[in-house]
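Summary of structural features
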Amino acid sequence: MTETANARKIAFATFVRRALDEARATRAWTGTEVSRRTGVSRQTINRWVRGDWASDPEAERVVAFCEGLGLNPATAFAALGWDRTATPRSTATPPPMDPDVEALLRRLVDPDVSDAEKFHIRETIRYLAYRPTLPADVRKRGKQAG
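Residues numbered from 1 in each chain as written. Predicted model: local features only at pLDDT ≥ 70, side-chain atom pairs only at ≥ 80, totals over all residues. Heavy atoms only, no water.

**Topic: the overall build of the protein**
What counts is decided by this rule: Helix numbering and strand numbering both begin at the N terminus, where a helix is a DSSP run of H or I of at least 4 residues and a strand a DSSP run of E of at least 2. For every residue, the accessible area obtained with a 1.4 Å probe (protein chains only) is divided by the maximum for its type, and the residue is called buried under 20%, exposed over 50%, and partly exposed between those limits. Contacts between residues were defined by any pair of non-hydrogen atoms, one from each residue, lying within 4.5 Å.
On a plain count of helices and strands, the protein comes out with eight helices and zero strands. Starting at the N terminus and walking to the C terminus, you meet the elements of the protein as α-α-α-α-α-α-α-α. Residue burial in the protein is summarised as follows: out of 146 residues, 27% are buried. For the protein, the proportion of contacts with a sequence separation of at least 24, taken over those separated by at least 6, is 55%.

Below is the structure:
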């Protein structure tokens, strides 16, 4: 393996590792959740982290990984040593964030907030994010009772 190819593998592995660490720290996502949200298998992500690939990663997977984590694919392309002069694909502007959600995110990264409180915030968010949607007739009954 050439020195350049090895350096590219290390740079991309570092990029992927940092992206995973950020997803774990700020969103409390597991490797499985990252895989689910990006559409890139855990095995592929693990190979990227280890630098265990014979040929370059597929551009579509790199883009899917980045977009699933809200990252600019151009950063990953730069780590891979790919053409940086190409115009990066425009990413859609994210919808405005609810002020309550922003407040929760600020609390999750605030060093003055205890780990116990951060744990409860994350658990509540997970519960709400993954609970089954109520059928329409149940929602109507709730409005009539209120």
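So that's the structure; there's more coming.
**Focus: the packing of aromatic side chains**
How two aromatic rings sit relative to each other is set out by the distance from centre to centre and by the angle between their planes. What counts here: Pairing of aromatic side chains requires ring centres within 6.5 Å, counting the rings of Phe and Tyr and the six-membered ring of Trp. Pairs whose planes differ by under 30 degrees are stacked, by over 60 edge-to-face, and all others tilted.
This model, assessed by the stated rule, comprises five aromatic pairs. When the centroid spacing of 6.1 Å and the interplanar angle of 20° are considered together, the rings of Phe12 and Phe15 count as stacked. Residue Phe12 and its partner Phe15 are both found in helix H1 (residues 3-27); the two are separated by three residues, about one turn of the helix. Both rings, one in Phe12 and one in Trp53, keep their centres 6.2 Å apart while their planes meet at 85°; by these two values the pair is edge-to-face.

**Description of unusual backbone geometry**
One non-glycine residue, Ala28, lies in positive phi territory at about 60°. As for its position among the elements, Ala28 is in the loop between H1 and helix H2 (31-38). We classify Ala28 as buried; its relative accessible area is 13%.

**Quick notes on the packing of helix H3 (residues 42-50) against helix H4 (residues 59-68)**
Selection criterion: Between N-to-C directions, angles span 0 to 180 degrees; the directions come from axes that are lines fitted to C-alpha atoms, helices contributing only their stretch in contact. In what follows, roughly perpendicular refers to angles from 65 to 115 degrees, roughly parallel to angles under 35, roughly antiparallel to angles over 145, and oblique to any angle outside these ranges. Side-chain classes are defined by residue name, with Ala, Val, Leu, Ile, Met, Phe, Trp, Tyr, Cys and Pro counting as nonpolar, Asp, Glu, Lys and Arg as charged, and the others, Gly among them, as polar.
Put simply, H3 and H4 touch, their axes get as near as 12 Å, and they point 95° apart. Here H3 lies roughly perpendicular to H4, going by the angle between them. Only Arg61, Val62 and Phe65 of H4 make contact with H3, whose side of the interface consists of Thr44, Ile45 and Trp48. Classifying every residue of the contact of H3 with H4 by side-chain character gives four nonpolar, one polar and one charged.

**Observations regarding the packing of helix H6 (residues 99-109) against helix H7 (residues 115-130)**
Applied cut-off: Here is the rule for handedness: rotate from the far helix to the near one, and if that takes an anticlockwise turn smaller than a right angle the crossing is left-handed, while a clockwise turn gives right-handed.
Where H6 contacts H7, the two axes come as close as 9 Å, and the packing angle between them is 140°. As the angle between them shows, H6 and H7 are arranged oblique. As for how H6 packs across H7, the hand of that crossing is left-handed. Contact with H6, carried on its side by Leu104, Arg107, Leu108 and Val109, involves Glu117, Lys118, Ile121, Arg122 and Ile125 of H7 and no other residues of that element. Of the residues contributing to the contact of H6 with H7, the split by class is five nonpolar, no polar and four charged.

**Quick notes on H2**
Every buried residue of H2 is listed here: Gly31, Glu33, Val34, Ser35 and Thr38. Just downstream of H2, Gly39 is the residue with a positive phi angle, here 80°.

**As for the nonpolar core**
Inside soluble globular proteins, nonpolar side chains tend to come together where they are buried. This is how the line gets drawn: To qualify as a nonpolar core, a set must consist of buried Ala, Val, Leu, Ile, Met, Phe, Trp, Tyr and Cys residues joined through side-chain atoms within 4.5 Å.
The biggest cluster of nonpolar side chains holds 21 residues, and the ones touching the most others in it are Phe12, Val16 and Phe65. Counting only elements with at least two residues in this core, the list comes to H1, H3, H4 and helix H5 (73-80). In terms of residue count, the dominant contributor to this core is H1 (six residues). In contact with Val16, not counting residues within four places along its chain, are Ile45, Trp48, Val49 and Phe65.

The quantities given are spatial measurements derived from coordinates; they are silent on function.
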